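Take a look at the letters that make up each chain.
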Amino acid sequence: MRCVRLLAVLPYEGLKELFLAQIKEFPEIRLTTVVSSRFNAVRMVADKISREKCDMVISRGGTAELLRKEFCDIMVLDIPVGFDDIFRAVLLAQNYKEKFDRLRKE
């Protein structure tokens, strides 16, 4: 059986943990994860693929788009935004209520 080597460039630690939990069901996939902002993603991916071969990169949104442009010879899959992502953003926003109130007034 051929092993597929995936590199997941993820925006937050919780999504990384979700990937690591789910990948256990697929022994034919070797997953490397990186938590990175869009701004550091190109550098991090370049570093990872220079050290180890990668069949595919998984990322999301603007990061996936940026990686597609930069690494034309590697397939980049985009993870769509789902309800959990929106819910997480709302919960994070509640923790920063003061900042959002101040922005709303300006």
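Look up a bit, the structure's there.
Engineer: What should I look at first to understand the environment of leucine 6 in this one?
Structural biologist: By secondary structure assignment, the location of leucine 6 is in strand S1 (residues 4-10). Judged by relative accessible area, leucine 6 falls into the buried class, the value being 11%. On a C-alpha basis, the gap between leucine 6 and threonine 33 in space is 8.3 Å, while along the polypeptide they are 27 residues apart. Leave out the neighbours within four places in its chain, and leucine 6 touches Ile29, Arg30, Leu31, Thr32, Met56 and Ile58.

Engineer: Hey, could you run me through the pairing of strand S3 (residues 56-59) in this one?
Structural biologist: Both faces of the sheet carry side chains from a regular strand, because those side chains alternate between them. Side-chain alternation along S3 places Met56 and Ile58 on one buried face and Val57 and Ser59 on a second face that is also buried. Pairing analysis gives 3 bridges linking S1 to S3, with the strands arranged parallel. Bridge pairing in S3 places leucine 6 opposite methionine 56. Read as a crossover between parallel neighbours, the route from S3 over helix H3 (residues 61-70) to strand S4 (residues 75-78) is right-handed.

Engineer: Sorry if this is basic, but what is going on with the nonpolar core here?
Structural biologist: Side chains of a nonpolar character, in soluble globular proteins, are inclined to be buried together. Grouped together as the largest cluster of nonpolar side chains are 12 residues: Leu7, Val9, Val34, Ala41, Val45, Cys54, Val57, Ala64, Leu67, Phe71, Ile74 and Val76. Those residues in contact with valine 76, other than ones at most four positions away along the chain, are Val57, Ala64, Leu67 and Arg68. In terms of nonpolar packing, the next biggest core, distinct from the first, is built from 11 residues, Ala8, Tyr12, Phe19 and Ile79 among them.

Engineer: Whenever I open this one, the pattern of salt bridges confuses me. Can you help?
Structural biologist: It is possible for side chains of opposite charge to pair when their charged atoms get near one another. The full count for this structure, using the stated rule, is 7 salt bridges. In this structure, the salt-bridge partner of glutamate 52 is arginine 30, at a minimum N-O distance of 3.2 Å. Here glutamate 52, found in the loop between helix H2 (38-51) and S3, pairs with arginine 30, found in strand S2 (residues 29-35); they are 22 residues apart in sequence, far enough to count as distant. Connected via shared salt-bridge partners are Arg2, Arg5, Lys53 and Asp55.

Conventions used here
Residues numbered from 1 in each chain as written. Predicted model: local features only at pLDDT ≥ 70, side-chain atom pairs only at ≥ 80, totals over all residues. Heavy atoms only, no water. Helix = DSSP H or I, 4+ residues; strand = E, 2+ residues; numbered from the N terminus. Buried < 20%, exposed > 50% of the residue type's maximum accessible area, 1.4 Å probe, protein only. Contact = heavy atoms within 4.5 Å. Pairing = 2+ DSSP bridges. Right-handed = clockwise from strand over helix to strand, strands pointing away. Core = buried A, V, L, I, M, F, W, Y, C linked by side-chain atoms within 4.5 Å. Salt bridge = Lys/Arg side-chain N within 4 Å of Asp/Glu carboxyl O.

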